[in-house]
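The residues making up each chain are set out below.
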Amino acid sequence: MDTTNAIHEVAQPDLVKVWEPLRIGSTTVKNRIMMTAQTLLYGKDNILGDRHVEYYRERALGGCALFICEQQGAFPIAKGSFHEGCTAWEERCIPQYAKLAEAVHEHGARQFVQLFGAGVHDRGTMIMDEWHPLWAASRVRSITHNEIPLVMESHHFSDVIKGFGISARNVQASGCDGVELHAAHSYFLGQFLSPAYNKRDDKYGGSIAARCRLILEVGEEIRRQVGANFTVGVRISFDEFLGASGITPEQSEEQLEILASSGLFDFFNISAGGYHTLHKTVAPMSTPEGYLLPFGQRAKEIVGNRAKVFIVGRILSLSTAERALRDGMADMVAMTRAQMAEPRLIAKTMLGRSNEIVRCIGANECIARIFENRPAACLINPVAGREWKWGEGKLVKVGEDQKKNIVVVGAGLGGMHLAQICARRGHKVTLLEKQGYLGGRLDLLRQLPARGEWATAIDNLERGLKAHNVDVKLNTNADPDLLSSLNPDCIVLATGARFDVYAASPFRPDRDFIPGCDQENVYDVESALRLALVTPEKLGKKILVLDETGEYLPFGLAELLATVPGVEVEVVSPHNVVGADVQRRLEYQVVVQRLVNLGVTLTPQHNIQSISGRCIELLPNWGGRSRIEEVDSIVLSIARVPNDELYQSLRESFSNLHRIGDCLAPRALSAVMYEAEELGRTI
């Protein structure tokens, strides 16, 4: 009997198809799980960076069969969409591609490179010494960047086609296994496919066949450069979710038939959405798992055996991948964010250790950062992007003479993560929590509408605590006497933070707090939420929420309250958008639709001037005044203050005392996790 198959059968007997090898053109992969092109922004000097190499090496070690690295500029003006956008057409890229190929090949994986241009979704002045007009199918501006492009003429097309060919030849020379043409998500080649961007009436526009012409000409040039024995594929958006204004499933069916009939392409990578509908491209937490699988099934029906079909769409488990493969929805299944969160997802499953898998929750920290031109990071896996220093095998275990008795106070995200890291290293760890539950503020978040995945984050950490024998004591109020009785060598405080109605606003440097905030009908957002979850009627029928944080809590509260018959809710914010942080995580389009349907009013660019009884005076950012009368409850989401009272009482008496996370300074959850990881590895 094959030993590998025996491991599979013991580990998870319902998985069969995921372990089957697959031939994709000239490339054979060892199983059916892959990672699609993921923007990471780990490049340096506009070529692929060593941080990229270590990121993919870690996931190849973890068992993933195929990787497609992030978008690489395929012609001279194609790399500027991000600060560290990478080039594929310059020969200086070849050594780094070679390093990447060697890293993944060492563990039996295969590596493709995605070739792209941004088209109108670019910034012509991004790279300091390479300013240029944007090239585009038509004079249609980006909804994001709003830059009027240059409509391409015949000589531009020849330059683009030549660039793609040279880029593919460079990739082949490096030892990587194939290339993917990025024609999805409203980027350059996808703009030619889409009626939303392509208004041409020449041979590159009009009919669906004409809109496919550029991709076919690029494919022909690539084949001239690399020959038949090199894998080439195309990524498309099966639906842009713009109705007849954009690419529809019916149009994609015709596109796939045209492209598959050409014989140029070995695979089609099926995605969806574009710049108008990015929440359909990188689905947030509230989106069901496997939401794009029907598109994969239809694509496979059209393509048949002429090429392989890859599918994406928030696929979080190998069971879902198995179903997709078994039911003919795809030949290859992408689990990209899932393996960002858990690099050893495949290996742990094969070894029967599925209970150790850290599961992605769709918090979209990764995408939120890259759209701000910051390197990608993962909220629940702080090792992501830092594999060079924290990757597999780099956690230093302590010897018997180095073991410490560590007491961690606070079982929120940071405290739980630090506790299990210290325990993994061999320390004796006790975790104290004054509440009767784990998770800290995550426990509140998980109770909000469409936020149930936060329970997965808690479960990830709880399983780690149990696996490494952390002594967890709930309903325990840590005080100096109790801590002394535990005789710790080290104390770590992760006591979090709390919202405060007296918090100062950066929008009003002229005052320390809102006049009237001390009234009984004024609540901080966390207190209001806890009340709304149990007895929402106590908040009354007319509620105004001030949101300065931009986080999900005010939205979650508004949705909870608005579902109560007769309740009227308005959310006010001094920011340009109510819920700015929700917007950057691509959850905005989903939750705002629900709020609007419930009748919630969203009022940006306003702040509270004063509160007097049930009357609120609002101050628009641009001046003037307005009043809202007969408000039953006012909820303030301004800022959090550290719960550092225990620290202040211990700082003089305990020498080995640390603070992490919000009790040090209230910050984003990703920062809390990073701090926990860093300290947990060094104590």
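What you are looking at is a predicted structure, and each value in this text was computed from that prediction instead of being measured. (Residues numbered from 1 in each chain as written. Predicted model: local features only at pLDDT ≥ 70, side-chain atom pairs only at ≥ 80, totals over all residues. Heavy atoms only, no water.)

1. A short note on the overall build of the protein chain
Assigned secondary structure in the protein chain consists of 23 helices and 28 strands. A compact globule built from 683 residues would reach a C-alpha radius of gyration of about 26 Å, and the protein chain, at 27 Å, matches this within 12%. For the C-alpha atoms alone, the extent of the protein chain along its principal axes is close to 75 × 70 × 50 Å. Counting over 683 residues, the protein chain shows a buried share of 61%. Counted over contacts in the protein chain with a minimum sequence separation of 6, partners at least 24 positions apart contribute 72%. Total accessible area computed for the protein chain in this model is approximately 26000 Å², and 49% of it derives from carbon and sulfur atoms. Across the protein chain, the 74 positively charged side chains and the 83 negatively charged ones have centroids separated by 3 Å. (Helix = DSSP H or I, 4+ residues; strand = E, 2+ residues; numbered from the N terminus. Rg over C-alpha atoms; globule rule 2.2 N^0.38 Å. Buried < 20%, exposed > 50% of the residue type's maximum accessible area, 1.4 Å probe, protein only. Contact = heavy atoms within 4.5 Å. Areas by Shrake-Rupley, 256 points an atom, 1.4 Å probe, with all protein chains shown as cover. Lys, Arg positive; Asp, Glu negative; His and termini not counted. Charge placed at Lys NZ, Arg CZ, Asp CG, Glu CD.)

2. Re the pattern of salt bridges
Note on pairing: side chains with opposite charge can pair once their charged atoms come close. Counted under the stated rule, the structure contains 43 salt bridges. One salt bridge in this structure joins E130 and K79, with 3.0 Å as the shortest N-O distance. Of this pair, E130 sits in the loop between strand 6 (110-116) and strand 7 (135-136) while K79 sits in the loop between strand 4 (66-73) and strand 5 (86-87), and the two are 51 residues apart along the sequence. The class for E130 is partly exposed, based on a relative accessible area of 35%. (Salt bridge = Lys/Arg side-chain N within 4 Å of Asp/Glu carboxyl O.)

3. A closer look at the packing of aromatic side chains
Under the defined criterion, the tally for this structure stands at 21 aromatic pairs. On the numbers, 4.0 Å between centres and 5° between planes, the contact of F157 with Y204 is stacked. Residue F157 is found in helix 4 (residues 154-174), and its partner Y204 is found in the loop between helix 5 (188-193) and helix 6 (208-226); the two are separated by 47 residues along the sequence. When its relative accessible area of 3% is taken as the criterion, F157 is described as buried. Overall, the relative accessible area of 6% leaves Y204 in the buried class. Taking the centre distance of 6.1 Å and the plane angle of 65° together, the rings of F265 and F268 count as edge-to-face. For F265, a relative accessible area of 3% corresponds to the buried category. Ring pairing ties together the aromatic residues F75, W135, F157, F164, F188, F192 and Y204, which thus form one cluster. The ring of Y552 carries R451 above its face, with NZ or CZ at 4.0 Å from the centroid. (Phe/Tyr/Trp six-rings, centres within 6.5 Å; stacked < 30°, edge-to-face > 60°. Lys NZ or Arg CZ within 6 Å of the ring centre and 35° of its normal.)

4. What to know about the side chain of N46
Within the secondary structure layout, N46 lies in the loop between strand 3 (33-35) and helix 2 (50-61). Of the polar contacts made by the side chain of N46, one reaches the backbone oxygen of G85; its length is 2.7 Å. When residues no more than four places from it in sequence are discounted, the contact partners of N46 are K79, H83, E84, G85, C86, T87, R92 and I127. (Polar contact = N/O pair within 3.5 Å; in protein donor to acceptor, adjacent residues only side chain to side chain.)

5. Topic: the sheet that holds strand 20 (residues 542-547)
Taken together, the five strands give an open sheet; going across it, the order is 19-26-20-21-22, and neighbouring strands pair in parallel fashion. Both outer strands of the open sheet, strand 19 (522-524) and strand 22 (601-603), are each paired with one neighbouring strand and no more. Taken over all neighbouring pairs, the strand axes of this sheet differ in orientation by 20° on average, direction set aside. Across five bridges, strand 20 lies against strand 21 (residues 568-572) in parallel orientation. Its bridge partner lying in strand 21, L546 is registered against V572. In this fold helix 18 (residues 525-534) packs onto strand 19 and strand 26 (633-637), with an angle of close to 95° to the strand it touches most, strand 19. (Pairing = 2+ DSSP bridges. Axes fitted to C-alpha atoms, helices over the stretch in contact; angles between N-to-C directions.)

6. Digging into the nonpolar core
If you look at the biggest cluster of nonpolar residues, it comprises 194 residues, and the most contacted ones within it are L115, F164, L181, F265, F268, I270 and W454. Contacts of W454, omitting those with residues within four sequence positions, involve M285, I361, A363, L379, L442, L445, R446 and L669. Of all hydrophobic cores here, the second largest spans 17 residues; its members include A503, V522, I608 and L618. (Core = buried A, V, L, I, M, F, W, Y, C linked by side-chain atoms within 4.5 Å.)

7. Considering the UniProt feature "domain: NADH:flavin oxidoreductase/NADH oxidase N-terminal" (unreviewed entry) in the protein chain
Per the UniProt record, "domain: NADH:flavin oxidoreductase/NADH oxidase N-terminal" (unreviewed entry) is found at residues 18-354. Helix and strand shares over residues 18-354 are 34% and 16% respectively, and the end C-alpha atoms of the span are 15 Å apart. (UniProt positions renumbered as here; feature names shortened; annotations may be inferred.)

8. Looking at the sheet that holds strand 16 (residues 471-473)
Here five strands make up an open sheet; going across it, the order is 16-15-14-17-28 and the pairing parallel. The open sheet has two edge strands, strand 16 and strand 28 (657-659), and neither has a second partner. For this sheet, the mean angle separating the axes of adjacent strands, direction not counted, is 20°. One ladder, built from three bridges, connects strand 17 (residues 490-493) with strand 28; its direction is parallel. Bridging across to strand 28, L493 finds its partner in R659. Of the strands in this sheet, strand 14 (405-409), strand 15 (428-432) and strand 17 are in contact with helix 14 (residues 413-424), which crosses strand 15 at around 165°.

9. What about the packing of helix 4 against helix 6?
Orientation of helix 4 relative to helix 6, taken along the N-to-C sense of each, is 40°, at an axis distance of 8 Å. In terms of orientation, helix 4 and helix 6 fall into the oblique class. As helix 4 runs across helix 6, the sense of the crossing is right-handed. In contact with F157, I161, F164, G165, A168, R169 and Q172 of helix 4, helix 6 contributes L214, E217, V218, E221, I222, Q225 and V226. Counted by class, the contact of helix 4 with helix 6 contains eight nonpolar, three polar and three charged residues. (Parallel < 35°, antiparallel > 145°, perpendicular 65-115°, else oblique. Left-handed = near helix turned anticlockwise from the far one by under 90°. Nonpolar A, V, L, I, M, F, W, Y, C, P; charged D, E, K, R; others polar.)

10. Some details on the environment of I514
Position of I514 relative to the elements: it lies in the loop between strand 18 (497-499) and strand 19. For I514 and E102, which are 412 residues apart along the polypeptide, the C-alpha to C-alpha distance reads 60 Å.

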